[in-house]
Amino acid sequence: MADSNNKNKNKGVDDAGIRLAPTPIHNSNFHVMPTVMQEFVITPRIEVEEQDQGEFSRDTTTVGDFQPKKEDVSKKWKRRKRSKNMILGIVMLIITVLVVLPYILGAVGVWLNDFAFRYVPKDFGALHNIVEAFKTTAANGWHGDAVNEVWIKAVPSLILLFGILFLAINLIKSMVAILATHKPVKYTVGATVYLFTVLAVFIASLVGASAIGVEKISFIDDFIHGFRTSELFSLIVFAAGYFVVSLVCTLLGADKYGYLK
């Protein structure tokens, strides 16, 4: 009995729902708008915003600009480094010999007076003057006023000898570089010391130091106008040129890690 009542109740609800639904009305004035189509061409593009790096901006680098760190070096990199050191070592060997050779020639009495300039120094021939000082000292029994005077006069030669010792060190370094080492070789210290010793003697000549055997010179007459016969002019030109070459060779042979640009 309950089931039949429920069925009748549900049926009534369904019938009521159907009865409440609106009846569709045919509208003859209803119009459909025509379809409008507009084509868009889509082109994919990637844009990267450039950052202003100011004074730290640099050019684009490539793999050829990269230098490995010590723990990443390869045999190929070492061979290339050895070749570079060998070339730089040959250059330094030649230029060092050219700077040291005048002192050696003076020590054996070869003055090359026919040169267009004073290549072999006589007054400032450090090796020759020191050898002569030792001969005089030995002849006077290694003591006495004559011995003291000789060594006082040899002070400029002793100053130059100190710089020549550093040239000898650079000579050894250049030979080591030629023997295929891949480690960087620095030449600037020796060249700097030698340049300072030559400048010290030059300044002593400008102000005059007769007590140590350095006569006062005229910068204009003796150094500029008489540069062809001036020993100091040749010494300074060779010392300055040697410093520049050693600096360039040191910078070219230095280790650089990471990107070079």
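Residues numbered from 1 in each chain as written. Predicted model: local features only at pLDDT ≥ 70, side-chain atom pairs only at ≥ 80, totals over all residues. Heavy atoms only, no water.

### Side note on unusual backbone geometry
Turning to step 1, where the next piece is worked out: We note that Leu 112 has phi near 55 degrees; this positive angle belongs to a residue other than glycine.
Turning to step 2, where the next piece is worked out: As for its placement among the helices and strands, Leu 112 is situated in the loop between α2 (75-107) and α3 (126-139).
Turning to step 3, where the next piece is worked out: Residue Leu 112 is classed as partly exposed on the basis of its relative accessible area, which comes to 30%.
Turning to step 4, where the next piece is worked out: A positive phi angle is found at Trp 142, which is not glycine, with a value near 70 degrees.
Turning to step 5, where the next piece is worked out: Mapped onto the elements of the fold, Trp 142 is located in the loop between α3 and α4 (145-153).
Turning to step 6, where the next piece is worked out: Residue classification places Trp 142 among the exposed residues on the basis of a relative accessible area of 56%. (Helix = DSSP H or I, 4+ residues; strand = E, 2+ residues; numbered from the N terminus. Buried < 20%, exposed > 50% of the residue type's maximum accessible area, 1.4 Å probe, protein only.)

### Details of helix α8 (residues 231-253)
Turning to step 1, where the next piece is worked out: Here α8 spans 33 Å end to end across 23 residues, near enough to the 33 Å set by a 1.5 Å rise per residue.
Turning to step 2, where the next piece is worked out: For α8, the set of buried residues is Glu 231, Leu 232, Ser 234, Leu 235, Ile 236, Ala 239, Tyr 242, Ser 246, Cys 249, Thr 250 and Gly 253.
Turning to step 3, where the next piece is worked out: Buried-residue contacts for α8 involve α2, α5 (155-178), α6 (188-207) and α7 (219-225).
Turning to step 4, where the next piece is worked out: Near the N-terminus of α8, the side chain that reaches the backbone nitrogen of Phe 233, with its oxygen 3.2 Å away, is that of Ser 230. (Expected span 1.5 Å × (residues − 1). Contact = heavy atoms within 4.5 Å. Polar contact = N/O pair within 3.5 Å; in protein donor to acceptor, adjacent residues only side chain to side chain.)

### Description of a positive patch on the surface
Turning to step 1, where the next piece is worked out: On the surface, a cluster of positive charge is contributed by Lys 75, Lys 76, Arg 79, Arg 80, Lys 84 and Lys 256.
Turning to step 2, where the next piece is worked out: Structurally, the position occupied by Arg 79 is in helix α2. (Patch = residues over 30% accessible without salt bridge, like charges linked within 9 Å, V, L, I, M, F, W, Y side chains within 5 Å. Areas by Shrake-Rupley, 256 points an atom, 1.4 Å probe, with all protein chains shown as cover. Salt bridge = Lys/Arg side-chain N within 4 Å of Asp/Glu carboxyl O. Lys, Arg positive; Asp, Glu negative; His and termini not counted. Charge placed at Lys NZ, Arg CZ, Asp CG, Glu CD.)

### Topic: the nonpolar core
Turning to step 1, where the next piece is worked out: Counting 28 residues, the largest nonpolar core has Tyr 103, Leu 160, Tyr 194, Val 198, Leu 232, Leu 235 and Tyr 242 as its most contacted members.
Turning to step 2, where the next piece is worked out: The residues contacting Leu 235, other than those within four sequence positions of it, are Tyr 103, Pro 121, Phe 124, Tyr 194 and Val 198. (Core = buried A, V, L, I, M, F, W, Y, C linked by side-chain atoms within 4.5 Å.)

### Some words on the packing of aromatic side chains
Turning to step 1, where the next piece is worked out: Counting across every chain of the model gives 12 aromatic pairs.
Turning to step 2, where the next piece is worked out: Ring centres 5.4 Å apart and planes at 65 degrees place the aromatic pair Phe 223 and Phe 233 in the edge-to-face group. With Phe 223 in helix α7 and Phe 233 in helix α8, this pair connects stretches of sequence that are 10 residues apart.
Turning to step 3, where the next piece is worked out: Given a relative accessible area of 8%, Phe 223 falls into the buried group.
Turning to step 4, where the next piece is worked out: Their ring planes at 55 degrees and their centres at 5.3 Å tell us that Phe 227 and Phe 233 sit as a pair that is tilted.
Turning to step 5, where the next piece is worked out: Classification of Phe 233 as partly exposed rests on a relative accessible area of 25%.
Turning to step 6, where the next piece is worked out: An aromatic cluster is defined as three or more aromatic residues linked by ring pairs; in this entry it consists of Phe 202, Phe 219, Phe 223, Phe 227 and Phe 233.
Turning to step 7, where the next piece is worked out: Over the aromatic face of Trp 111 sits the side chain of Lys 122, whose NZ or CZ is 5.4 Å from the ring centroid. (Phe/Tyr/Trp six-rings, centres within 6.5 Å; stacked < 30°, edge-to-face > 60°. Lys NZ or Arg CZ within 6 Å of the ring centre and 35° of its normal.)

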